[in-house]
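Observations on the model geometry
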Amino acid sequence: MSLIQVRDVRKEFQIARKREGFWGSVKGLFSHHYDTKIAVDGITFDIQSGEMIGFIGPNGAGKSTTIKMLTGILVPTSGEVTVLGRTPHKNREMNAANLGVVFGQRTQLWWDLPLIESIELLKYVYRIPENQFRRTLGMLSDLLEVNAFMNTPVRQLSLGQRMRGDLLAALIHEPPILFLDEPTIGLDIIAKERIRDLLVTINRERGVTVLLTTHDMADIEKTCDRMIIIDQGSLIYDGKLAALRAQYGKIRRLRVDFRNEPRSLQLDGAVLVNQEGLRCWFDFDKDDITASQLIARISEQEEIVDLTIEEPEIESIIKEIYEASSDAARQAKGEQEEQVLQLI
Amino acid sequence: MRLYLEFVRRVFRRNAAYKVQYFTGLFNALLGLFIGVAIWRAAYGGSDIIDGIGKQEMVTYAVLGVLMRTLLTMNEYLIDSKIRSGEIAVDLLKPYHFLGYVLSVIIGDMIFNLWTKVLPVLIVSILVFHLTLPADPTAALLFLISLVLGFLVLYGFNLIFWLSAFWFHQTWSILTIKNAVILLVSGATIPLWFMPQSLADILAALPFKDIYFTPLAIYLGQVSGNEIVKALVVQAGWIIILHGLAALLWNRAQSKLVIQGG
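Residues numbered from 1 in each chain as written. Chains lettered and ligands numbered in written order. Predicted model: local features only at pLDDT ≥ 70, side-chain atom pairs only at ≥ 80, totals over all residues.

**Some details on the packing of helix α6 (residues 159-171) of chain A against helix α7 (residues 189-206) of chain A**
Residues and elements named next belong to chain A. Keep this limit in mind: Every axis corresponds to a line fitted to the C-alpha atoms, with the helix fit spanning only the stretch in contact, and the corresponding angles, defined between N-to-C directions, vary from 0 to 180 degrees. We count a stretch as a helix when DSSP gives it H or I for four or more residues in a row; a strand needs E for two or more, and each element gets its number in order from the N terminus. The labels follow the angle: roughly parallel below 35 degrees, roughly antiparallel above 145, roughly perpendicular from 65 to 115, and oblique for the rest. Rotating anticlockwise by less than a right angle from the far helix to the near helix defines a left-handed crossing, while the corresponding clockwise rotation defines a right-handed one. Throughout, a residue-residue contact means that the two C-beta atoms, derived from backbone geometry, are no farther apart than 7 Å. Lys, Arg, Asp and Glu make up the charged group, whereas Ala, Val, Leu, Ile, Met, Phe, Trp, Tyr, Cys and Pro make up the nonpolar group; the residues left over, Gly among them, are polar.
Where α6 contacts α7, the axes come no closer than 10 Å and their chain directions differ by 15°. Taken together, the axes of α6 and α7 lie roughly parallel to each other. The hand of the α6/α7 crossing is right-handed. Here α6 contributes G160, M163, L167 and L171 to the contact with α7, which in turn contributes A191, R194, I195, L198 and I202. When the residues that make up the contact of α6 with α7 are grouped by side-chain class, the tally is 7 nonpolar, 1 polar and 1 charged.

Laid out in structure tokens, this is it:
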């Protein structure tokens, strides 16, 4: 059986409707009108033990709602969530013992006390036997390299150090599952790299199943094999990162520096997208024309001084997917409105 | 249990990290002490006794009022800030009782207040104002029992207001009003025997007096014999009612959070 099962899960929120103006707010104190907002709209996926998954989507897509349902803090409106064979919200405390959670924008560490104080507190929280605690602490602090600042108050740590401290706190009870919500947010490039390397090590060497949400695609590229994308509460992609690239990222951009001002270039299979003096950019679909064919065609007409081929960034692929999904949603909504108009 | 003791220990040490806050708190308590005593001395003017209460007794009442208020200073925004920052989710993810954690934080703060503010102010009071001591050890013990009960009444009452943050999101204004009411009618500054009879009758039926007035009246020997036992039972009764209400509210809050997502 899968470690985590999510079956057709829906989550609706009742949101008190805000009324306009002063009297509106006064009325709002006494009577309630609710709007239903669908945060998660029937999503299904499975996570196997030992996987490392990037869970992405634009702001408000339903990522944290989903994570909260996996932790048991939120109850799904319908559908079924199972973590290690149990329903999280019915066994919240037991479920909690199997989870490590890191919220990049918050910390569970005691701000004014040395790091070790927060970690030792968790020994009592999870009732970890002393010798097991010492062993895990030794291993993890070597791995995360936190020994140097173990006795420093948390508020004096750099963001990167604090994040490593938070990882230590999330892993000290040796949970088989780790949820990370934007673990690299606000970190500099070196600290980001370091956290990514650590996550990979934790996943590979300690066998921890990792579910990671982020807006930084480099996090996903460097750590995850599999990616789940949700938007507007629906699952829009679930599969290998490489497959996503193959499916969406077919467009390549060729940059060419010419010797002389190019005359009108006749090129089948490529589009001139920009020109600045002697430098031109062409977009082409790698399934229609190979790079060498295109270069050959160009050099038949003009002398090339220099060129580069750019593969699309994963970010632009994701952007393309988000835009396609919101277009589809807008279209669906438009059709609905049209139907309503016809009914009237 | 061990976990909650560990909470208390850490809260105590966290307090020690804020030196400026500590010294301003101590200064505040000393200022309150001298102002409180000065006001009552001025009110007594030339007379040594008003309504059967001696001047020295009243000075003792004022001093003890300041000491109790210093001791019972609580972090009013603990729950409020956790809800607003969303940190409450992290707490709910931990296998411990959230309200046990809150009580541990409050007790940790109180122990810190006791050692670092109440004790120095008490020493100053004894030296400067020649505090009247309790009549005998039994009176002292009964006062201490009533003081602990008074703390629990205040804590239960506060908890109800703190938990309202789950619905109101912003509790600054209602907490400010609550604290002003407590300051006026609980006997923290004005003993109930100086209140107009009609007001005193109303206050006798409410829990406010059980926070400050009851312990202080016991200390000064204004309550005697069976009346003391009765007063303690009333305090205990309010503790049960207020904490019951708070527990009810907490269950509601939890299900609201879990079903509605805050």
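Once you've had a look at it, read on.
**Some points on helix α9 (residues 172-185) of chain B**
Rules: For a helix, the expected span equals 1.5 Å multiplied by the residue count minus one.
Over its 14 residues, α9 of chain B runs 20 Å from end to end, which matches the ideal 20 Å to within 8%, given 1.5 Å per residue. At the C-terminal side of α9 of chain B, G187 of chain B shows a positive phi close to 85°.

**So, the sheet that holds strand β8 (residues 226-231) of chain A**
Residues and elements named next belong to chain A. We apply this condition: Two strands pair under a simple rule: DSSP has to find at least two bridges between them.
One open sheet holds the 6 strands; their spatial order is β5-β6-β7-β3-β8-β9, and the pairing between them is mixed. A single partner strand is all that each edge strand has here, and the edge strands are β5 (99-103) and β9 (234-240). Averaged over all neighbouring strand pairs, the angle between strand axes comes to 15°, with direction disregarded. Contacting β3 (52-56), β5, β6 (177-181), β7 (209-213) and β8, helix α2 (residues 63-71) crosses the sheet at an angle of about 155° to β6.

**Some remarks on the domain arrangement of chain A**
Formally: For every domain, the bounds stem from an assignment made automatically or drawn from a database.
According to the domain assignment, chain A consists of domain 1 (4-245) and domain 2 (250-310). On a C-alpha basis, the centres of domain 1 of chain A and domain 2 of chain A stand 45 Å from each other.

**Points about the sheet that holds strand β12 (residues 279-285) of chain A**
All names here are of chain A. Ordered by their spatial adjacency, 4 strands build an open sheet running β11-β12-β10-β13, and the pairing between neighbours is antiparallel. The outermost strands of the open sheet, each flanked by one partner alone, are β11 (270-276) and β13 (304-310). Each adjacent strand pair in this sheet contributes to an overall mean axis angle of 20°, direction not counted. Bridge analysis of strand β10 (residues 251-258) against β12 gives 7 bridges, and the strand direction is antiparallel. When the sheet's bridge partners are listed, I251 is paired in β12 with D285.

**Regarding unusual backbone geometry**
Phi angles above zero are rare outside glycine, and D8 of chain A is one such case at about 50°. Checked against the element boundaries, D8 of chain A lands in strand β1 (residues 4-16). Phi is positive for H130 of chain B, which is not a glycine, with a value near 45°. Summarising the element assignment, H130 of chain B is placed in the loop between α6 (98-129) and α7 (137-163).

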